[in-house]
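Notes for the structure review
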Amino acid sequence: MRHPILLALGLLCALGIGVVHADDVDQATHEHAVHVAVGTCGTCHGPTGVSQQPKYPLLAGQNANYVAAQLKAFRNQTRGDADAIGYMWGMSATLEDGTIDALAQYYAAQKAGRGRAGETALVAKGRQIYEKGVESVGVPACAACHGPDAHGMGDFPRLAGQHAQYVMKQLASFQNNMRNVAVMHGVAQGLKVEEMRAVAAYLEAQE
Ligand code: HEC
Ligand code: HEC
């Protein structure tokens, strides 16, 4: 710590400013988040975010920024639809920002669940929509934002392996604006129910 720059860094660390990235999580907050994730959230989402029931979304391997944004949207009561309101508004109501960041990092670091193979023809149709969109009605390729392998890109969520039932329901909620997000409303608007079913089956089959 003789070097002046190291000394300055040491001082900044001691004061807890500057050097620590906003999203960095201290050990106590991390431990608290693991406790919450396993003990509370795990009842529905599974201890590592690999939920067994299709109503509860997989969180393992999900993009951290996306998870944090969703938890804040539930807490602010801006992400609607009956299940969001019934399950997640209450669950997120008392979560502090630090816990949210730590939960998001916890799930992002977990190994994603395995995909589940679907009906071949349906999956093939879904792949077509995922990679090319539906040009005649202006549905863009999902891959453009969610990534070629559906692992997510930037702040766009991972979709690979997600429960088809959950994906279907989200697409319907984007379409009718119960989950009010302009980008996905625009995307989902032109999708027919059987196209949603196909793309959801394709996504569930991915890893
Ligand atoms: C009683 C069951 C239950 C518990 C407990 C629960 N959740 Fe959820 N969670 C749900 C359901 C149902 C949804 C899907 C809501 C919807 O369909 O919009 C959800 C959605 C989510 C989402 C959105 C995922 C996505 O892909 O957009 C996140 C993030 C989440 N929960 C995190 C948590 C965290 C963190 C906890 C613990 C503090 C928790 N949940 C506890 C049932 C639960
Ligand atoms: C222009 C970029 C863009 C395109 C193209 C796009 N999406 Fe999205 N998608 C998003 C964004 C942004 C979100 C996150 C919305 C939010 O913040 O709640 C999202 C969220 C989703 C979700 C919710 C994920 C979850 O865990 O709850 C699903 C499902 C989804 N998209 C499916 C699709 C499908 C299927 C297609 C192609 C038909 C598609 N998306 C095309 C940007 C896009």
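Residues numbered from 1 in each chain as written. Chains lettered and ligands numbered in written order. Predicted model: local features only at pLDDT ≥ 70, side-chain atom pairs only at ≥ 80, totals over all residues. Heavy atoms only, no water.

1. With respect to the packing of helix H2 (residues 27–45) against helix H5 (residues 97–108)
Across the interface, H2 lies against H5 with an axial gap of 8 Å and an inter-helix angle of 70°. On the basis of the axis angle, H2 is roughly perpendicular to H5. Across the interface between the two elements, Thr 29, His 30, His 32, Ala 33, Val 34, Val 36, Ala 37, Val 38 and Cys 41 of H2 pack against Gly 98, Thr 99, Ala 102, Leu 103, Tyr 106 and Tyr 107 of H5. (Axes fitted to C-alpha atoms, helices over the stretch in contact; angles between N-to-C directions. Helix = DSSP H or I, 4+ residues; strand = E, 2+ residues; numbered from the N terminus. Parallel < 35°, antiparallel > 145°, perpendicular 65-115°, else oblique. Contact = heavy atoms within 4.5 Å.)

2. Remarks on the coordination of the iron atom of ligand 2
Note on the iron atom of ligand 2: its protein donors are His 146 (NE2) and Met 184 (SD). The metal-donor distances range over 2.1 to 2.3 Å. For the iron atom of ligand 2, the 6 donor atoms in the first shell make angles of 84 to 179° at the metal, so the coordination geometry reads as octahedral. Here the residue His 146 occupies a position in helix H7 (residues 143–146), and Met 184 occupies one in helix H9 (residues 182–188), the gap between them amounting to 38 residues. What makes His 146 buried here is its relative accessible area of 10%. (Donors = N, O, S within 2.8 Å, 3.2 Å for Na, K, Ca; no water. Tetrahedral: all angles 85-135°; square planar, octahedral: opposite > 155°, others 65-115°. Buried < 20%, exposed > 50% of the residue type's maximum accessible area, 1.4 Å probe, protein only.)

3. With respect to H5
Over its 12 residues, H5 runs 16 Å from end to end, which matches the ideal 16 Å to within 8%, given 1.5 Å per residue. Taken residue by residue, H5 has Thr 99, Ile 100, Asp 101, Ala 102, Leu 103, Ala 104, Tyr 106 and Tyr 107 as its buried positions. Contacts from the buried residues of H5 go to H2 and helix H3 (64–75). (Expected span 1.5 Å × (residues − 1).)

4. Remarks on the packing of helix H6 (residues 120–132) against helix H10 (residues 193–205)
Where H6 meets H10, the axes come as close as 7 Å, and the angle between the chain directions of the two elements is 95°. Judged on the interaxial angle alone, H10 and H6 are roughly perpendicular. Taken together, the residues of H10 that come into contact with H6 (itself represented by Leu 122, Val 123, Lys 125, Gly 126, Arg 127, Ile 129, Tyr 130 and Glu 131) are Glu 194, Glu 195, Arg 197, Ala 198, Val 199, Ala 201, Tyr 202, Leu 203 and Ala 205. Considering only residue class, the contact of H6 with H10 consists of 10 nonpolar, 1 polar and 6 charged. (Nonpolar A, V, L, I, M, F, W, Y, C, P; charged D, E, K, R; others polar.)

5. Examining the environment of Ala 28
Within the secondary structure, Ala 28 is located in helix H2. Ala 28 gets classed as exposed once you look at its relative accessible area, which sits at 55%. Sequence separation between Ala 28 and Ala 102 is 74 residues, and the spatial gap between their C-alpha atoms is 10.0 Å.

6. Digging into the side chain of Arg 179
If you trace the backbone, Arg 179 turns up in the loop between helix H8 (164–175) and H9. It is Asp 81 that comes nearest to the buried, bridge-free Arg 179 among opposite-charge side chains, at 6.9 Å. Residues in contact with Arg 179, not counting those within four places in the same chain, are Tyr 66, Gln 70, Arg 79, Gly 80, Tyr 166, Gln 170, Ser 173 and Phe 174. (Lys, Arg positive; Asp, Glu negative; His and termini not counted. Salt bridge = Lys/Arg side-chain N within 4 Å of Asp/Glu carboxyl O.)

7. Structural notes on the coordination of the iron atom of ligand 1
Coordination of the iron atom of ligand 1 by the protein involves His 45 (NE2) and Met 88 (SD), with metal-donor separations of 2.0 to 2.3 Å. Coordination geometry of the iron atom of ligand 1: the 6 donor atoms subtend angles of 87 to 178° at the metal centre, consistent with an arrangement described as octahedral. Placement of the pair is His 45 in helix H2 and Met 88 in helix H4 (residues 82–92), with a sequence separation of 43 residues. Comparing His 45 with Met 88 shows no difference in burial state: the two are buried.

So, to be careful, I would describe these as geometric facts and stop short of saying anything about function.
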